[in-house]
Amino acid sequence: MHRKGAQDAKRAKQFAKIIRELTVATRAGLPDPSSNPRLRAAIVAARDVNMPKDTIDRAIKKASGAAGGEDYIEVRYEGYGPAGVAVIVEGLTDNRNRTASDVRAAFSKYGGSLGETNSVSFMFRRLGVLTYPHAVASDDDMLEAAIEAGAENVVSSETTHEITCEVEAFFTVRDSLETRFGEPESAKLDWRPENTISLDEEKARTLFKLLDVLEDHDDVQNVYANFDLSDELAEKLSA
């Protein structure tokens, strides 16, 4: 029962975060996903966590109504964690001061420090990232279609195709591939580190505590960090 309770709480938190994104996406454009790419991406994310259709529709309707519900602001925080690992935190909040205070406290508690905007983002590339199941196309067909659509690169594995592109080309690439292969498993803007910092077990455990606290915060949507772990250590920490 305790495990089920924890799973339900985690699911509820996932839903709450996606509802915030649905709200902001709806207000940023039209409530029609066919003409609002950000809303379309939010709906894909909602389906990925098995959010019921009526919950998605209700969130969009509420956000597009006259009352509108909560008004969320997009925020980004940057700083350094243990061992000088660069961390980017993206959030949606209805209280900027509260969120900034909580994020700063988390960094301080685990030996990090919150920096100014753009203090670490120069160490990352902002990219569009789309993922398709491997079964939708051969490696060559996906590569050809992605390059024709304006993508930068495709990495194919036994299970997936991951397509990356410049931010400016993201919606064009996604729409082109969607026409040919259907809806992707995921489609999002991502921060990818240019270089990574290798961590020992002690530093990795401390960093993971920081990342867990940040990711668990209601106002935080995404957390990115430029660390690297050996396969042995990654396996040990996930055990």
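Given the structure is predicted, the values throughout are model-derived calculations rather than measurements.

Chemist: Tell me about the overall build of the chain, and please be specific about residues and values.
Modeler: Of regular secondary structure, the chain possesses eight helices and 10 strands. Against the compact-globule benchmark of 18 Å for 239 residues, the chain has a radius of gyration of 19 Å, which places it among compact chains. For the chain, the spread of C-alpha atoms along the principal axes amounts to about 50 × 45 × 45 Å. Here the chain, with 239 residues, has 40% of them falling under the buried criterion. Of all intrachain contacts in the chain linking residues separated by at least 6 positions in sequence, the fraction that spans at least 24 positions is 71%. For the chain, the exposed surface amounts to about 13200 Å²; the carbon and sulfur share of it is 49%. Of the charged side chains in the chain, 30 are positive and 42 negative, and the gap between their average positions amounts to 8 Å.

Chemist: Account for the environment of alanine 41, with residues named and values stated.
Modeler: As for its placement among the helices and strands, alanine 41 is situated in helix 2 (residues 37-48). A C-alpha to C-alpha distance of 9.5 Å links alanine 41 and glutamate 21, two positions 20 residues apart in sequence. Once residues within four sequence positions are removed from consideration, alanine 41 is found in contact with Arg174 and Ala187.

Chemist: I'd like a rundown of the sheet that holds strand 5 (residues 153-156), residues and numbers included.
Modeler: Reading across from one edge, 5-6-4-7 is the order of the four strands in this open sheet, with antiparallel pairing throughout. Pairing within the sheet leaves two strands with one partner each, and these edge strands are strand 5 and strand 7 (186-193). The mean angle between the axes of side-by-side strands here comes to 30°, regardless of whether they run parallel or antiparallel. Looking at chain direction, strand 4 (residues 124-133) and strand 6 (residues 160-166) are connected through seven bridges and run antiparallel. What sits directly across from threonine 131, in strand 6, is glutamate 162.

Chemist: For the packing of aromatic side chains, give the residues involved together with the corresponding values.
Modeler: One pass over the full model with this rule turns up three aromatic pairs. Aromatic pair phenylalanine 208 and phenylalanine 227: ring centres 5.5 Å apart, planes at 65°, arrangement edge-to-face. With phenylalanine 208 in helix 7 (residues 201-216) and phenylalanine 227 in strand 10 (residues 227-228), the pair connects residues that are 19 residues apart, well separated along the chain. Its relative accessible area of 25% is what places phenylalanine 208 among the partly exposed residues.

Basis of the calculations
Residues numbered from 1 in each chain as written. Predicted model: local features only at pLDDT ≥ 70, side-chain atom pairs only at ≥ 80, totals over all residues. Heavy atoms only, no water. Helix = DSSP H or I, 4+ residues; strand = E, 2+ residues; numbered from the N terminus. Rg over C-alpha atoms; globule rule 2.2 N^0.38 Å. Buried < 20%, exposed > 50% of the residue type's maximum accessible area, 1.4 Å probe, protein only. Contact = heavy atoms within 4.5 Å. Areas by Shrake-Rupley, 256 points an atom, 1.4 Å probe, with all protein chains shown as cover. Lys, Arg positive; Asp, Glu negative; His and termini not counted. Charge placed at Lys NZ, Arg CZ, Asp CG, Glu CD. Pairing = 2+ DSSP bridges. Axes fitted to C-alpha atoms, helices over the stretch in contact; angles between N-to-C directions. Phe/Tyr/Trp six-rings, centres within 6.5 Å; stacked < 30°, edge-to-face > 60°.

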